[in-house]
Amino acid sequence: MPILPGPSHGRRCGAASALLPVVFAAAAGGPLGAQARAADDRPAIEPRLIATQQLTERDGLPRALVYGTARAADGATWVATAIGPHRWNGRRFAAEPLPSPYDAIAVRHLLPVGPTMWGATTRGLFRHDGRRWTRIVDSPDGRLWRLAAWRPRAGGTSIVVAGGDTRLHAFDAATQRPVPLATAGFPATLPMLAVTRADADELLWVASLRHGIWRLRGTAGAAPTWALRAGAAGTIFEDVRACPQLGPDAVVAASDSGAWALSATGAPRRLGPARN
């Protein structure tokens, strides 16, 4: 069965119409899959190994914005759209509606956490347990934009962090109970999230729209602390992503002053010019 690619998220330029072509990965058991596995040791996969297929409303996609995809633990691909989540069943997309009266709201981001799927929406946070969606919380400050699964300490509890219009929300992934974050003094505006690893700890990176890139580290035996890593006054940060090609603790960030690379210890580096 063909499988859709992993997450591809965005808020502005990342949102695409349902007519946008979607790339399929080769089935692992076929000859193309064997070539792809053999290519793991090469710097890059050759273009001829990539197959594409265009998916439209004829394949079950709604005639609405598609914000991103997510791969569930069972291998199924989910799609976040402006009118709710959809799931690829091997032949076409089928709606996986949120509970009423939220069944036609925009899902901005989907995040697999173990056997569950979490959804950030314009009306709060939802969790799918493999059978149905459950609403975890309304967003008291408006829309939720991005989710991240963060384990502050090695062997500790996994936390689902949700970025809202003006603040961060955190929940225990197992119990769904709220978890406090050390956010004092952190100006979160439309926060976008990424998680990287430094030694035994995981770092939570947050791109705040007009307040720079921030990093939260939870070290064993100490309270999590925030540290500002980059951002001049007035810089608009639009996204941040983990970039293992640059190092296990590295991220890249997009802003109106160009692309930046950051790590837990090194100085920020500009990777590209400012956008027009």
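Student: Describe the overall build of the chain, listing the residues and the values that go with them.
Tutor: In terms of regular secondary structure, the chain is built from one helix and 22 strands. Relative to its full complement of 276 residues, the chain shows a buried share of 47%. Roughly 13500 Å² of accessible area belongs to the chain as shown, and the carbon and sulfur atoms make up 55% of that amount.

Student: I'd love a proper account of the environment of Pro244, names of residues and values included.
Tutor: One can find Pro244 in the loop between strand E19 (237–242) and strand E20 (251–255). Through-space distance from the C-alpha of Pro244 to that of Thr196 is 8.3 Å; in sequence the pair is 48 residues apart.

Student: How would you sum up the packing of aromatic side chains? Please name residues and give values.
Tutor: Counted according to the given criterion, the structure contains three aromatic pairs. Each ring, one from Trp88 and one from Phe93, has its centre 5.0 Å from the other, and the planes form 65°; the classification is edge-to-face. There is no split in this pair, since Trp88 and Phe93 are both buried. Seen from their ring centres, Tyr102 and Phe126 are 5.4 Å apart, and the 65° between their planes marks the pair as edge-to-face. Taken as a pair, Tyr102 in the loop between strand E7 (93–95) and strand E8 (107–113) and Phe126 in strand E10 (residues 124–128) lie far apart in primary sequence, 24 residues in all. Over the face of the ring belonging to Trp205 we find Arg215, whose NZ or CZ atom lies 6.0 Å from the ring centre.

Student: Give a description of the nonpolar core that names residues and reports values.
Tutor: Trp205, Ile213, Val240 and Leu262 are the most contacted members of the largest nonpolar core, which has 19 residues in total. What Leu262 contacts, discounting residues up to four positions off in sequence, is Trp205, Ile213, Arg229, Ala230, Asp249, Ala250, Val251, Ala253 and Pro268. With 15 residues, the next largest nonpolar core counts Ala72, Tyr102, Ala106 and Val107 among its residues.

Student: Before we move on, can you summarise the sheet that holds strand E14 (residues 168–172) with the specific residues and values?
Tutor: Each strand in a sheet pairs with another by means of backbone hydrogen bonds, the pair being arranged parallel or else antiparallel. A sheet is described by the order of its strands in space; here three strands give the open sequence E12-E13-E14, paired in antiparallel fashion. Two strands bound the open sheet, and with one partner strand each, they are strand E12 (144–150) and E14. If you compare each strand with its neighbour and ignore which way they point, the axes differ by 20° on average. With five bridges connecting them, strand E13 (residues 159–164) and E14 associate as antiparallel partners. Looking across to E14, one finds that Val161 is bridged to Ala170.

Student: Could you give me a rundown of the confidence of the model for the chain, with the residues and numbers involved?
Tutor: Residues of the chain with pLDDT of at least 70 account for 73%, and the chain-wide mean is 76. When the elements of the chain are averaged for pLDDT, strand E1 (residues 16–17) gives the smallest value, 30, and strand E9 (residues 116–121) the largest, 96. Here residues 1–42 is modelled with pLDDT under 50, and outside its nearest four sequence neighbours on either side it reaches 89 contacts, counting other chains as well.

Student: Describe the side chain of Arg108, and please don't skip the residues or the numbers.
Tutor: Considering the arrangement of structural elements, one finds Arg108 in strand E8. One buried charge, Arg108, has no salt-bridge partner; the nearest side chain with opposite charge is Asp165, at 8.2 Å. For Arg108, the residues in contact, after removing those within four places along its chain, are Tyr67, Ala80, Ala120, Thr121, Thr122, Leu144 and Trp145.

Here is what the cut-offs are and how they apply
- Residues numbered from 1 in each chain as written.
- Predicted model: local features only at pLDDT ≥ 70, side-chain atom pairs only at ≥ 80, totals over all residues.
- Heavy atoms only, no water.
- Helix = DSSP H or I, 4+ residues; strand = E, 2+ residues; numbered from the N terminus.
- Buried < 20%, exposed > 50% of the residue type's maximum accessible area, 1.4 Å probe, protein only.
- Areas by Shrake-Rupley, 256 points an atom, 1.4 Å probe, with all protein chains shown as cover.
- Phe/Tyr/Trp six-rings, centres within 6.5 Å; stacked < 30°, edge-to-face > 60°.
- Lys NZ or Arg CZ within 6 Å of the ring centre and 35° of its normal.
- Core = buried A, V, L, I, M, F, W, Y, C linked by side-chain atoms within 4.5 Å.
- Contact = heavy atoms within 4.5 Å.
- Pairing = 2+ DSSP bridges.
- Axes fitted to C-alpha atoms, helices over the stretch in contact; angles between N-to-C directions.
- pLDDT = per-residue confidence, 0-100.
- Lys, Arg positive; Asp, Glu negative; His and termini not counted.
- Salt bridge = Lys/Arg side-chain N within 4 Å of Asp/Glu carboxyl O.

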